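A structural walkthrough
Here is how the chains run, residue by residue.
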Amino acid sequence: MPRQNDGPAPEAAHIVPVRHWGRAVAAVAAVAALAGLVGSLARNDNLHWDVIGHYLFAGLVFDGLATTLWLTAAAMTLGLVLGTLVAVMRLSDDPVLYGLSSLFVWVFRGTPLLVQIIFWGYAGALYKHVMIGIPFTGVTFFQADTNSLLTPSVAALLALGLNEAAYASEIVRAGIQSVDVGQTEAAHSLGMRPALTMRRIVLPQAMRVIIPPLGNETINMLKMTALVSVIAAHDLMSNIQDVYGQNYQVIPMLVVASLWYLALVSLLSVPQAWLERRYGRGSARAAAASPLRRLCGGTLAGTRTRTQKEAAR
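Only a predicted model underlies this, so the values are computations on that prediction, with no experimental measurement involved. The written sequence of each chain sets the order in which its residues are numbered from 1. The predicted origin of the model limits local features to residues at a pLDDT of at least 70 and limits the giving and counting of side-chain atom pairs to 80 or more, whereas totals for whole chains, interfaces and linings rest on all residues. The side-chain values count all of the structure's non-hydrogen atoms but skip hydrogen atoms and water molecules.

A few points about the nonpolar core
Keep this limit in mind: In these notes, a set of buried Ala, Val, Leu, Ile, Met, Phe, Trp, Tyr and Cys residues joined through side-chain atoms within 4.5 Å is what counts as a nonpolar core. Exposure classes here rest on a 1.4 Å probe applied to the protein chains alone. A residue is buried below 20% of its type maximum, exposed above 50%, and partly exposed in between. Only DSSP runs of H or I with at least four residues qualify as helices, and only runs of E with at least two residues qualify as strands; both kinds are numbered from the N terminus onward. Note on contacts: a residue pair is in contact if any heavy atoms of the two residues lie within 4.5 Å.
Residues Ile117, Ala156, Leu160, Ile210, Leu214, Val228 and Ile231 are the most contacted members of the largest nonpolar core, which totals 23 residues. Within the residue set of this core, elements represented by two or more residues are α3 (59-90), α5 (113-121), α7 (152-178) and α9 (194-224). Looking at this core, the element that brings in the most residues is α7, giving eight residues. Once residues within four sequence positions are removed from consideration, Ile117 is found in contact with Ala159, Leu160, Leu227, Val228, Val230 and Ile231. Grouped together as the second largest cluster of nonpolar side chains are 21 residues, Ile219, Ile240, Leu264 and Val265 included.

So, in structure tokens, the structure goes:
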């Protein structure tokens, strides 16, 4: 016989979340401080919002943006290619290759980027001509004036690219060493040569370690291009300095530069986040959602739950 219910079914337990009153007070204080700061800036006549609006979309600013983006892409490409080569050399058993690659990393990572930019910008003071030939024989295949060859843009590219190569080599080296040595041994047992093993087996697996820090390096490179203004490379910061050198509106022009750098960094953060999720699948714990995303997710989940309950009724 079917068992009869002895009484009404017990109601589901109501879980009360812990109240974080200190966190709420801190959040209110932070929002109030931010609102006060924004209000103070908005009412400050010394900012000259009309000047900011006039130069925000000026042609001179767009020319500087084009140079900044070109330098960022070219320097990262040069740094990644050369950095991968240096990383492989540092992992080599050949003492000469290891020594040369270690010397490269020691020099370009150990000196400030600003010093390197100025050095390449004024390299003509050290060597009047650039020559390619056979050493100690007087045979020359190519010769050119250093100042005509190393223009400010080329000097900026060399400084940024070589400096980035030193850091990228360490990132790539860490990614290669994160791959289990058994993968290499298995590839060699199948008859694959070391170069093919590195290209087809090791590097694809190392990308999950290489991609996240390289994304940060790309964003950092975008901001570091502002340093090439010291050699007048016609980037965004160089053009901004040219403008406030004439109208003496230093703060408004710096606000223009900051707004554009913030916009570009925000755009670069989108593919960086996607790549981190893409290469982190199945190999590491997923990144925790932000409080705003959790809030939106909780609101959507609550809406779905209520909808399901209404549909069940």
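Some thoughts on the packing of α7 against α9
The angle between the axes and the distance between the axes are what describe a pair of packed helices. Operational definition: Between N-to-C directions, angles span 0 to 180 degrees; the directions come from axes that are lines fitted to C-alpha atoms, helices contributing only their stretch in contact. In this scheme the crossing of two helices becomes right-handed for a clockwise turn of the near helix relative to the far one and left-handed for an anticlockwise turn of less than a right angle. Three categories are distinguished: nonpolar for Ala, Val, Leu, Ile, Met, Phe, Trp, Tyr, Cys and Pro, charged for Asp, Glu, Lys and Arg, and polar for the others, with Gly belonging to the last.
Packing of α7 against α9 brings their axes to within 8 Å, and their N-to-C directions diverge by 145°. Seen from above, α7 lies across α9 with right-handed handedness. Here Leu160, Glu164, Tyr167, Ala168, Ile171, Val172, Ala174, Gly175, Ile176 and Ser178 of α7 come into contact with α9, specifically with Met198, Val202, Leu203, Ala206, Arg208, Val209, Ile210, Pro213, Leu214, Glu217, Met221 and Met224. Among the residues making up the contact of α7 with α9, the classes are represented as 17 nonpolar, two polar and three charged.

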